[in-house]
Amino acid sequence: AAQEAMVTTLRSTQTRRGAPFAGAMVAMDPDGAVRAIVGGIDYGESQFNRATHARRQPGSSFKIYVYATALENGYNAKSMVRDASSSCGNWSPRNYNGSGGSGRSLTVTDAFKVSLNTTAADLSFKVGREKVLEMTRRLGVNGVKRTCSMALGDTGITLLEHTGAYAVFANGGKQARPYAVLELFNSKGELIYSRERDEPPASQIVNARVVEQMNQMMQAVVTEGTGRRAILDFTHAVGKTGTSSGWRDAWFVGFT
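Only a predicted model underlies this, so the values are computations on that prediction, with no experimental measurement involved.

Digging into helix 6 (residues 159-170)
Then, in step 1: When the terminal C-alpha atoms of helix 6 are compared, their 16 Å separation across twelve residues agrees well with the 16 Å that a helix rising 1.5 Å per residue should span.
Then, in step 2: By the criterion of burial, helix 6 is predominantly enclosed, with eleven of the twelve residues buried.
Then, in step 3: Turning to helix 6, its buried residues number three or more, namely Leu159, Leu160, Glu161, His162, Thr163, Gly164, Ala165, Tyr166, Ala167, Val168 and Phe169.
Then, in step 4: Next to the buried residues of helix 6 lie strand 1 (25-28), strand 2 (34-38), helix 2 (63-72), helix 8 (208-224), strand 7 (238-243) and strand 8 (250-255).
Then, in step 5: In the stretch just after helix 6, glycine 172 is the one whose phi turns positive, near 95 degrees.

Observations regarding the environment of alanine 165
Then, in step 1: Secondary-structure assignment places alanine 165 in helix 6.
Then, in step 2: Note on alanine 165: relative accessible area 0%, which makes it buried.
Then, in step 3: Distance in space between the C-alpha atoms of alanine 165 and valine 206 is 11 Å, their sequence separation being 41 residues.
Then, in step 4: If near-sequence neighbours (up to four positions away) are discounted, alanine 165 is found in contact with Tyr65, Leu139 and Val141.

Some points on the state of the cysteines
Then, in step 1: Within the structure shown, the criterion is met by one disulfide.
Then, in step 2: Covalently, cysteine 88 is tied to cysteine 148 through a disulfide, its sulfur atoms 2.1 Å apart. A torsion of -65 degrees about the S-S bond marks the disulfide between cysteine 88 and cysteine 148 as left-handed. Taken together, the residues cysteine 88 in the loop between strand 3 (80-82) and strand 4 (105-107) and cysteine 148 in the loop between helix 5 (129-138) and helix 6 connect sequence positions 60 residues apart.
Then, in step 3: Judged by relative accessible area, cysteine 88 falls into the buried class, the value being 10%.
Then, in step 4: For cysteine 148, a relative accessible area of 24% gives the class partly exposed.

A closer look at the environment of glutamine 213
Then, in step 1: By secondary structure assignment, the location of glutamine 213 is in helix 8.
Then, in step 2: Overall, the relative accessible area of 12% leaves glutamine 213 in the buried class.
Then, in step 3: Separated by 24 residues in sequence, glutamine 213 and glycine 189 have C-alpha atoms that sit 47 Å apart.
Then, in step 4: In this structure glutamine 213 touches Leu71, Asn76 and Ala77, once residues within four positions along its chain are discounted.

Cut-offs and rules
Residues numbered from 1 in each chain as written. Predicted model: local features only at pLDDT ≥ 70, side-chain atom pairs only at ≥ 80, totals over all residues. Heavy atoms only, no water. Helix = DSSP H or I, 4+ residues; strand = E, 2+ residues; numbered from the N terminus. Expected span 1.5 Å × (residues − 1). Buried < 20%, exposed > 50% of the residue type's maximum accessible area, 1.4 Å probe, protein only. Contact = heavy atoms within 4.5 Å. Disulfide = S-S within 2.5 Å.

Laid out in structure tokens, this is it:
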């Protein structure tokens, strides 16, 4: 079902845009149990698993780490921020429309739902980029670099790790390392590994209050912001979109 959904969507998009597309998908339970991985459109054409091995720029889907860090450090969903940012070296953030920000004041939720680059960058400077890096590592995302534009998702990460990090917000803030193996038996039929028996209970790694506010903000993305195409008529959906420079990467990560 995952393969069919992804391939059908990408082929229809390719027909409209006229350019070749690649893609990947991960479907996961909130505790990290991987239900499906699609590593590409056609295994016969390419055996490279884009879900587990490709390090792609997450674009604005990375902003969940910036905003969650801000919520841990004195901000809340209704805190007032500005559509503006200071420069970092010779770099200044620009929004999707190319502007350097209108300077207007708005809530954290409103800035997140329309994915303002200026506000995200400014928050990363104010709460500290080292704290944002700590958040990514805590949630299981490795290899993110400390750069001026890190809040905009300029470092390549894997889809599997990114999905596992979002699962933390789906389960109330508990660690969610992606896994696929439940039991292992040796050649004698003896049980040598049982996830239920051998793995410790998942620890609380993000405060429940932070999770609740982050989820409300992600719901606003779907109902009022950049992720409206993810609206479902039978349940609530939350998540975050992301695009990298020149639309090389387009993401949606979320959950019901």
